[in-house]
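What the coordinates show
For reference, the chains in residue letters:
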Amino acid sequence: MIPIQPPFPVSRPRRMRGSAALRDLAQEHRLSVKDLIWPIFITDVPGADVEIASMPGVVRRTLDGAVRAAEEAAELGIPAICLFPFTDPALKTDLCEEAWNPDNFYNRVIRAIKARVPEVAIMTDVALDPYNANGHDGLVRDGIILNDETVEALVKMSLAQAEAGADILGPSDMMDGRIGAIRSATEAAGFKDITIMSYAAKYASAFYGPFRDAVGASGALKGDKKTYQMNPGNSDEAIRLVARDLAEGADMVMVKPGMPYLDICRRVKDAFGAPTFAYQVSGEYAMLMAAANNGWVKGEAVMLESLMAFRRAGCDGVLTYFAPETARVLRG
Ligand code: PBG
């Protein structure tokens, strides 16, 4: 409800925009380095430290490179990083066993970071696609995504990540029932304080293209992910999925992609008041970088404006590839 405004000239809204001091006082939302989660790509196969063509400025990191990134996050004050693996194609199978190998590269990186930079929270990716020969987030038989078998695999994967020292489990797969299954398994195994950020409203989006290049899933993926990721035409469904995931034990919920889905962020925050995050995904980063690198927009300004939009839409934080750059700018 917007109260009726006094008429002009009693009310001159421009008065409050007249100086930087007044604009600062009246500002409703702020962006802080504490709102940022930095997604990082990791690999132990050749090709680390090479820029991803569709994501200028973003590289895949070795174990040592990942530890250095975590140290950089700590130094910049970024509270959390999120790890995504580029897996050796030789380790990808139809059963995805490498996903829950306690000593896989991913879990070794978690241990290395936790040993060196324990104060930076590590969020994981709980999904089979980096380990799946067919590029899907679910186990596939005869062309069908197997929901319940996938959930069992995700539980094993989550327990291995929890064991390695993860702080936040991030199920990004969109199978039904996985939050409840992961929550009861981690409780039973004694990981009472591990948090879950559910990719609750994750849409079947074309904005994930550069990410699939970064994790080497583009070539492998057969078909699309529309039988498990959401239809971009839906909004009420997002509310139902968030309600379900919170009821199953999620501590935080995510909307993904970000900028094209700010309406969903606002609805989710208003409906639940739960810790709400958005993922400014690879395609969003690629678009802004492409325009900035062409001189068509001012890179730093659009970066900050795009991230402020998430705060205005009700998000508590944002996963963004701009995290270190934003932290540097905000620090001045
Ligand atoms: C898959 C996953 C994807 C992203 C994060 N986890 C891509 C997909 O669903 O195909 C995308 C992130 C981005 O585009 O930045 N588990």
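Just so it is clear, the model here is predicted, and its values are computed rather than measured. (Residues numbered from 1 in each chain as written. Predicted model: local features only at pLDDT ≥ 70, side-chain atom pairs only at ≥ 80, totals over all residues.)

**Quick notes on the UniProt feature "active site" (unreviewed entry) in the protein**
- Per the UniProt record, the feature "active site" (unreviewed entry) sits at K202 and K256. The annotated residues occupy 55 residues of the chain but converge on a single region, no pair of C-alpha atoms lying more than 4.8 Å apart.
- With respect to the helices, strands and loops of the structure, K202 is situated in strand β9 (residues 195-202).
- Once you skip the residues sitting within four places of it in the chain, K202 turns out to touch S172, M174, Q229, M230 and K256.
- Counting through the fold element by element, K256 comes out in strand β10 (residues 252-256).
- Look past the residues within four positions of K256 in its chain and what remains in contact with it is Y199, K202, Y203, A278, Y279 and V281. (UniProt positions renumbered as here; feature names shortened; annotations may be inferred. Helix = DSSP H or I, 4+ residues; strand = E, 2+ residues; numbered from the N terminus. Contact = placed C-beta atoms within 7 Å.)

**As for the site of the ligand**
- The environment of the ligand is formed by D125, A127, D129, D137, S172, Y208, F211, R212, K225, V281 and S282.
- Taken together, the residues of the shell around the ligand break down into four nonpolar, two polar and five charged. (Near = placed C-beta within 6 Å. Nonpolar A, V, L, I, M, F, W, Y, C, P; charged D, E, K, R; others polar.)

**Some thoughts on the pairing of strand β11 (residues 276-280)**
- With respect to burial, β11 is a largely interior element, five of its five residues being buried.
- Going residue by residue along β11, you find T276, A278 and Q280 tucked away on one face and F277 and Y279 tucked away on the opposite face as well.
- Pairing analysis gives three bridges linking β10 to β11, with the strands arranged parallel. Residue M254 lies in a different strand from β11, and its bridge partner there is F277.
- Taking the sense of rotation as the criterion, the β-α-β connection linking β10, helix α8 (residues 262-272) and β11 turns out right-handed.
- Relative to strand β12 (residues 317-320), β11 is paired through four bridges, and the arrangement is parallel. Along β12, the bridge assignment pairs Y279 with L319. (Buried ≥ 20, exposed ≤ 12 C-beta atoms within 10 Å, placed from the backbone. Pairing = 2+ DSSP bridges. Right-handed = clockwise from strand over helix to strand, strands pointing away.)

**Some details on α8**
- Considered for burial, the residues of α8 that qualify are I264, C265, R267 and V268.
- The elements touched by buried residues of α8 are β9, α7 (236-248), β10, β11 and α10 (299-312).
- After α8 finishes, the residue G273 shows a positive phi value of roughly 60°.

**A closer look at the packing of helix α3 (residues 105-116) against helix α4 (residues 147-164)**
- Between α3 and α4, whose axes approach to 8 Å, the crossing angle comes to 25°. By the criterion of interaxial angle, the relationship of α3 to α4 is roughly parallel. When the axes of α3 and α4 are compared, the crossing they make is right-handed. Contact with α3, carried on its side by N107, I110 and R111, involves A160, Q161 and A164 of α4 and no other residues of that element.
- Among the residues making up the contact of α3 with α4, the classes are represented as three nonpolar, two polar and one charged. (Axes fitted to C-alpha atoms, helices over the stretch in contact; angles between N-to-C directions. Parallel < 35°, antiparallel > 145°, perpendicular 65-115°, else oblique. Left-handed = near helix turned anticlockwise from the far one by under 90°.)

**Here we look at the confidence of the model for the protein**
- Looking at the protein as a whole, its pLDDT mean stands at 96, while 100% of the residues score no less than 70.
- ipTM for the predicted complex: 0.97, alongside a pTM of 0.97. (pLDDT = per-residue confidence, 0-100.)

**Here we look at the packing of α4 against helix α5 (residues 178-188)**
- One way to put it is that α4 packs onto α5 with a least axis distance of 9 Å and a crossing angle of 45°. The angle between α4 and α5 places the two elements in the oblique class. Crossing of α4 over α5 shows right-handed handedness. Two secondary-structure elements touch here, α4 through V151, L154, V155, S158, L159 and A162 and α5 through R178, A181, I182, A185 and T186.
- Here the contact of α4 with α5 is built from residues that sort into eight nonpolar, two polar and one charged.

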